[in-house]
Structures are given as structure tokens and as C-alpha cells.
Amino acid sequence: MTATRIDGKAFAEKVCDEVSEGVKSLQASHGVTPGLAVVLVGGDSASQVYVRNKVRQTEACGMKSFHHILDATTSRGALMSIIESLNADPEVHGILVQLPLPDHLDSRDVIEAIDPAKDVDGFHTSNVGELWTSGESFIPCTPLGCLKLLKSVEPNIAGKNAVVIGRSNIVGRPMAALLLNESATVAIAHSKTQNLQSVCRQADILVAAVGRPQMVKADWIKPGAIVLDVGINRIETDDGKGKLVGDVDFDDASKVAGAITPVPGGPGPMTIACLLANTLEAAKRSVS
Ligand code: NDP
């Protein structure tokens with residue numbers, strides 16, 4: 001079997017086109033342009049590139065972009081006052097604080113300061129609670145992107161066995177909640193899971209969100225399963241340039257899976273696209 005390659009880049013472009021149309025229609029109907037504010041405290045050059053990409057794509061969709069690039073030594077008080085001013089700013093509909101934060105800042109404390117109605121990352125406990133109780137919430141962007149990719153190849157998720165490897169608050173747990181809300185039978189695996197390979201072999205839908213390069217091999221995969229690879233890992237190559245790989249051994253797994261996302265070009269591009277979709281949604285809710 002050679003798996004269908006799920007093209008996250010092409011799908012993300014489609015989502016961004018839909019967002020651009022949504023922005024135009026909100027401007028026409030209510031005179032409102034959605035605005036996204038990104039806050040980066042410290043961060044290496046990779047984080048700064050990531051933030052620049054978000055700014056560029058936000059503007060490309062016709063939205064307003066606000067960014068606060070703060071020094072790594074920024075105090076809690078200074079950061080909180082920026083968040084308070086963004087909460088109160090009617091031009092800002094979505095607020096994203098880039099994680100991780102420097103050690104002297106508590107990310108939970110900072111996320112809880114964001115107005116849940118502007119929490120387009122879906123990390124505020126109010127939105128997390130809504131997600132787990134099937135209410136209306138902002139859904140974390142990476143799992144939301146994975147769900148959209150999954151539905152593009154398998155609209156009928158109900159009753160399927162799903163295994164999510166990873167239980168982080170930003171990927172594994174919300175991914176499991178989403179699959180449960182779609183009536184899949186869900187298992188969450190993690191570093192203490194026993195017989196991980198045989199747990200994964202039960203999965204009709206396998207999501208890997210671990211951070212271990214090419215850990216999942218062909219013999220972990222049920223023939224025909226759909227595999228969503230969230231991992232982004234840089235490995236060394238002979239030419240010294242290095243390359244990005246996922247948590248799944250793509251070439252090996254492609255021989256067994258029914259459909260699979262590549263890395264790069266899988267859930268990664270969908271993450272920013274879903275952030276923009278959530279920001280449009282926040283702007284729409286602000287006028288309804
Ligand atoms: P975390 O480090 O927060 O979580 C990793 C999870 O994997 C933990 O639950 C951990 O278990 C589990 N784990 C670690 N080792 C093993 C193992 N040997 N067997 C089984 N489970 C294991 O990572 P994130 O969730 O933040 O990210 C996961 C990956 O996804 C990373 O590669 C990251 O770069 C990528 N990512 C990609 C995004 C995108 O846009 N595509 C966005 C966010 C992340 P335990 O809880 O027991 O420690």
C-alpha cells in the first residue's frame with residue numbers, strides 16, 4: 001500500500017482564501033476589520049521568524065496585525081499591562097502570547113489574563129473547559145488544523161479508534177477532546193504508556209505529537225490507518241544542513257498507512273491558517 005499524502009500546505013492556502021473572503025464580507029456588513037495581536041517576550045531568532053510569518057500572513061488575509069516584541073527581561077507587571085490594553089482595544093479581536101515564556105514568567109498566569117473572547121489560541125481555561133464540555137470555544141490551532149486535514153480524507157470519524165501520542169495542553173489533550181467530540185473512541189498515550197507500539201496498532205486514526213524524530217515506524221501502524229504527524233524535529237544530515245522531520249518515519253509508514261501527513265507541509269501550515277480563522281471568528285462574535 002502507498003498512502004495518500006495529505007497536503008497541509010495546499011489545504012492551508014484554501015483556509016486562508018476562505019478567511020480573506022470572510023474578512024471582506026465582515027468589512028462590508030459591519031465596517032469591522034479583524035485584528036490579531038502577537039506578543040513575543042524574548043525568544044530566539046526562530047521565534048522571531050515565526051512571529052514575522054504570522055504578521056505577514058495576517059496582513060495577507062486583509063486583517064490588521066499588531067505585534068509587541070518585548071525584551072526577555074520584561075517584568076510580569078509590564079506584560080500584564082500590555083495584555084490589559086489589548087483586552088480593552090476594540091481593534092484587537094485576537095491575542096496570542098508566543099510560548100514558551102522566559103522562566104521568570106508563569107505561562108498559565110499570563111494566559112489566564114487574556115480575555116477568553118480574544119483567546120484565539122484556545123489556551124484559556126474557560127475555552128479549555130468549553131472544549132471538553134462540547135460548548136462553543138476557541139479550539140487550539142494545531143489540533144483544529146489536524147481535525148480539518150483528517151476530515152478531508154475521512155468525513156466519518158464516529159466509532160473509529162483514535163490514538164493520540166502526547167498529552168500536552170497545546171496539542172495532545174485538545175486533539176483528544178476534538179476526536180471525542182466527533183465520537184471517536186480515543187486513547188491518549190504518553191511517556192509512561194506500556195506497549196506503545198501495540199496501542200498504536202489499534203488505531204484507525206493515529207496522531208503523533210511527541211517531539212521524537214521518526215519514532216513511529218511502519219510496524220506501529222494498522223494497515224490503512226490515517227496518520228497525522230504533528231512533530232517538528234530538526235535532525236542532522238550528512239551535508240551538515242540538517243532537515244525537518246516528524247515523529248513518524250514518513251517513508252516507512254507510507255507503505256502501510258492509508259493516508260499520512262508529511263513534515264514539513266502537514267499540520268504545520270494549518271496552524272497559522274487556523275489562527276487566522278479563529279481571529280475572524282472572534283471578530284464576527286464581537287459584532288453579533
Ligand atoms: P510536549 O513536549 O509538551 O509533549 C510531548 C508529549 O509526548 C508528552 O505528553 C510526553 O509524555 C510524550 N512523550 C514523550 N516521549 C514519549 C515517548 N517516548 N513515548 C510516548 N510519549 C512520549 O510537546 P508538544 O505537545 O508541545 O509538541 C509535540 C511535537 O509537536 C513537537 O515536535 C513540537 O515541535 C510539535 N508541534 C508542532 C506544531 C505545529 O504547528 N505543527 C505546534 C506545536 C507543537 P509525558 O506527558 O508523559 O511527558
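The structure under discussion appears in the preceding block.
Not measured: the values here are computed from a predicted model.

The rules behind these values
- Residues numbered from 1 in each chain as written.
- Predicted model: local features only at pLDDT ≥ 70, side-chain atom pairs only at ≥ 80, totals over all residues.
- Heavy atoms only, no water.
- Helix = DSSP H or I, 4+ residues; strand = E, 2+ residues; numbered from the N terminus.
- Rg over C-alpha atoms; globule rule 2.2 N^0.38 Å.
- Buried < 20%, exposed > 50% of the residue type's maximum accessible area, 1.4 Å probe, protein only.
- Contact = heavy atoms within 4.5 Å.
- Pairing = 2+ DSSP bridges.
- Axes fitted to C-alpha atoms, helices over the stretch in contact; angles between N-to-C directions.
- Phe/Tyr/Trp six-rings, centres within 6.5 Å; stacked < 30°, edge-to-face > 60°.
- Lys NZ or Arg CZ within 6 Å of the ring centre and 35° of its normal.
- Patch = residues over 30% accessible without salt bridge, like charges linked within 9 Å, V, L, I, M, F, W, Y side chains within 5 Å.
- Areas by Shrake-Rupley, 256 points an atom, 1.4 Å probe, with all protein chains shown as cover.
- Salt bridge = Lys/Arg side-chain N within 4 Å of Asp/Glu carboxyl O.
- 1 Å grid on protein atoms, 1.4 Å probe; cavity = no way out; pocket = protein on both sides within 12 Å on 5 of 7 lines; lining within 4 Å.
- Points joined across faces, edges and corners; volume = space filled by probe spheres on them.
- Nonpolar A, V, L, I, M, F, W, Y, C, P; charged D, E, K, R; others polar.

Peer 1: Sorry, what's going on with the overall build of the chain here?
Peer 2: Broken down by element type, the chain carries 10 helices and 11 strands. The C-alpha radius of gyration of the chain comes to 19 Å, within 12% of the 19 Å expected for a compact globule of 288 residues. Along the first, second and third principal axes, the C-alpha atoms of the chain reach 50 × 40 × 35 Å. Scored against the burial criterion, the 288 residues of the chain give a buried share of 48%. Relative to all contacts within the chain whose residues are 6 or more apart in sequence, the contacts with residues 24 or more apart total 68%.

Peer 1: Teacher, can you tell me more about the sheet that holds strand S1 (residues 4-5) here?
Peer 2: One key point about sheets: their strands pair by backbone hydrogen bonds, in either a parallel or an antiparallel sense. Sheet architecture is open: 6 strands sit in the order S1-S11-S8-S7-S5-S6, paired in parallel fashion. Edge positions in the sheet fall to S1 and strand S6 (185-189), since each of these pairs with one other strand and no more. Here 2 bridges tie strand S8 (residues 226-229) to strand S11 (residues 259-260), and the two strands are oriented parallel to one another. Residue Val227 lies in a different strand from S11, and its bridge partner there is Ile260. Each of strand S7 (205-208), S8 and S11 is contacted by helix H6 (residues 141-153), which is oriented at about 155° to S8, the strand it contacts most. The strands that helix H7 (residues 172-181) touches are strand S5 (161-165), S6 and S7; relative to S5, the one it contacts most, it runs at about 170°.

Peer 1: Explanation requested: the packing of aromatic side chains in the structure shown.
Peer 2: The geometry of an aromatic ring pair is captured by the separation of the ring centres together with the interplanar angle, meaning the angle of the planes. Going through the model one piece at a time under the given rule, you end up with 0 aromatic pairs. The lysine or arginine in question, Lys14, covers the ring of Phe11, its NZ or CZ lying 4.8 Å from the ring centre. Over the ring of Phe138 we find Arg285, and its NZ or CZ is 4.3 Å from the ring centre.

Peer 1: Quick question: what am I supposed to make of a nonpolar patch on the surface here?
Peer 2: Together, Val128, Trp132, Leu180 and Ile188 make up a nonpolar patch on the protein surface, roughly 330 Å² of accessible area in all. Tracing the backbone shows Ile188 in strand S6. For Ile188, a relative accessible area of 36% translates into the label partly exposed.

Peer 1: Looking at this model, I keep getting lost on empty space enclosed by the protein. Mind explaining?
Peer 2: Unoccupied space between atoms shows up once a probe the size of one water molecule is rolled over them. Under the counting rule described, the total for this entry stands at 1 cavity of 30 Å³ or more. Here the largest cavity is characterised by a volume of approximately 40 Å³. No other element matches the 3 residues that strand S4 (residues 94-97) contributes to the lining of the largest cavity. In terms of residue class, the lining of the largest cavity is made up of 6 nonpolar, no polar and 2 charged.

Peer 1: Teacher, can you tell me more about the sheet that holds strand S2 (residues 35-41) here?
Peer 2: The strand order S3-S2-S4 describes an open sheet built from 3 strands, whose pairing is parallel. The sheet terminates laterally at strand S3 (64-70) and S4, the two strands that pair on one side only. Direction aside, neighbouring strands of the sheet carry axes that sit 15° apart on average. Where S2 meets S3, 7 bridges bridge the pair, whose relative direction is parallel. Bridged to Gly35 within S3 is Lys64. Helix-sheet contacts for helix H10 (residues 267-287) involve S2 and S4, and the interaxial angle to S2 is about 125°.

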